[in-house]
Amino acid sequence: MNKLLLILIFLMLGLQLRLWAGEGSLGHLVSLKRDMAKQQAQVDILEEHNRVLFAEVLALKNGSLMIEEKARTQLGMIKEGETFYMFAQ
C-alpha cells in the first residue's frame, strides 16, 4: 500500500511540474496568447493597408482623373499649354 501511495505522489508531482513549467505550461500559454495578440495587431494594420490599396485600384480602373493625378504627382506630367511652377520651401 505504501509503495502505491508513493508512486501516486510521484505521478502527481510530475503532472504538477508539467503544468507549471516547460512547454504546454500556463506560463507558456500566456506567452503564446501575448504573441498571438501582437500578430493580430499586425494583421489588422496590413488589412487596413490592403483596403486602401484596393480602393486605389478601383479608382484607377474606373476613372481617368485618378490616372491623371498619379501621372502629375509621381511622373511630373504637364499638359500642353500649362506652366510649371516650383516653389522652394
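Predicted model only: the values in this text are computed from it and were never measured. (Residues numbered from 1 in each chain as written. Predicted model: local features only at pLDDT ≥ 70, side-chain atom pairs only at ≥ 80, totals over all residues. Heavy atoms only, no water.)

A.B. asks: Help me understand the overall build of the protein in this model?
C.D. replies: Helix and strand counts for the protein come out as three helices and zero strands. Helices (α) and strands (β) of the protein occur, in sequence order from the N terminus, as α-α-α. Radius of gyration (C-alpha) of the protein: 32 Å, far over the 12 Å computed for a compact globule of 89 residues. The principal-axis extent of the C-alpha atoms belonging to the protein is close to 105 × 35 × 10 Å. When the 89 residues of the protein are sorted by exposure, 3% land in the buried category. Taken as a whole, the protein presents about 8600 Å² of accessible surface, with 66% of it coming from carbon and sulfur. Looking at charge distribution, the protein has the averaged site of its 10 positive side-chain charges lying 15 Å from that of its 10 negative ones. (Helix = DSSP H or I, 4+ residues; strand = E, 2+ residues; numbered from the N terminus. Rg over C-alpha atoms; globule rule 2.2 N^0.38 Å. Buried < 20%, exposed > 50% of the residue type's maximum accessible area, 1.4 Å probe, protein only. Areas by Shrake-Rupley, 256 points an atom, 1.4 Å probe, with all protein chains shown as cover. Lys, Arg positive; Asp, Glu negative; His and termini not counted. Charge placed at Lys NZ, Arg CZ, Asp CG, Glu CD.)

A.B. asks: Would you take a moment to explain the environment of Glu82 for this structure?
C.D. replies: Structurally, the position occupied by Glu82 is in the segment after helix 3 (64-75). Judged by its relative accessible area of 36%, Glu82 is partly exposed.

A.B. asks: Help me understand a nonpolar patch on the surface, please; the structure alone is not making it clear to me.
C.D. replies: On the surface, Met1, Leu4, Ile7, Leu8 and Leu11 cluster together into a nonpolar patch covering about 580 Å² of accessible area. Tracing the chain through its elements places Leu8 in helix 1 (residues 2-20). Taking relative accessible area as the criterion, Leu8 reaches 48% and is therefore assigned partly exposed. (Patch = residues over 30% accessible without salt bridge, like charges linked within 9 Å, V, L, I, M, F, W, Y side chains within 5 Å. Salt bridge = Lys/Arg side-chain N within 4 Å of Asp/Glu carboxyl O.)

A.B. asks: It is not clear to me how helix 3 should be interpreted in this structure. Could you clarify?
C.D. replies: For an α-helix the count is 3.6 residues per turn, leaving residues at separations of three or four pointing the same way. Helix length check: helix 3 (12 residues) gives 15 Å between terminal C-alpha atoms against 16 Å at 1.5 Å per residue, within 8%. Two residues or fewer after helix 3 comes Gly76, characterised by a positive phi angle close to 75°. (Expected span 1.5 Å × (residues − 1).)

A.B. asks: Help me understand the pattern of salt bridges, please; the structure alone is not making it clear to me.
C.D. replies: Should the charged atoms of two oppositely charged side chains come close, the side chains can pair. Under the counting rule described, the total for this entry stands at five salt bridges. Close ionic contact of Lys70 with Glu56 constitutes a salt bridge, the shortest N to O distance being 2.7 Å. In this pair, Lys70 is assigned in helix 3 and Glu56 in helix 2 (residues 26-62), connecting sequence segments 14 residues apart. Using a relative accessible area of 22% as the deciding quantity, one classes Lys70 as partly exposed. Glu56 sits in the partly exposed class, given a relative accessible area of 24%. Here Arg72 ties to Glu68 by a salt bridge, and the two come within 3.1 Å at their closest N and O atoms. Placement of the pair is Arg72 and Glu68 together in helix 3, with a separation of four residues, close to one helical turn. One connected set of salt bridges, linked through shared partners, spans Glu68, Arg72, Lys79 and Glu82.

A.B. asks: Is there a simple way to think about the confidence of the model for the protein in this case?
C.D. replies: Low-pLDDT portions of the prediction should not be read for the details of their coordinates. Per-chain confidence: the protein averages 86 in pLDDT, with 100% of residues scoring 70 or above. Ranking the elements of the protein by mean pLDDT puts helix 3 last, at 82, and helix 2 first, at 92. (pLDDT = per-residue confidence, 0-100.)

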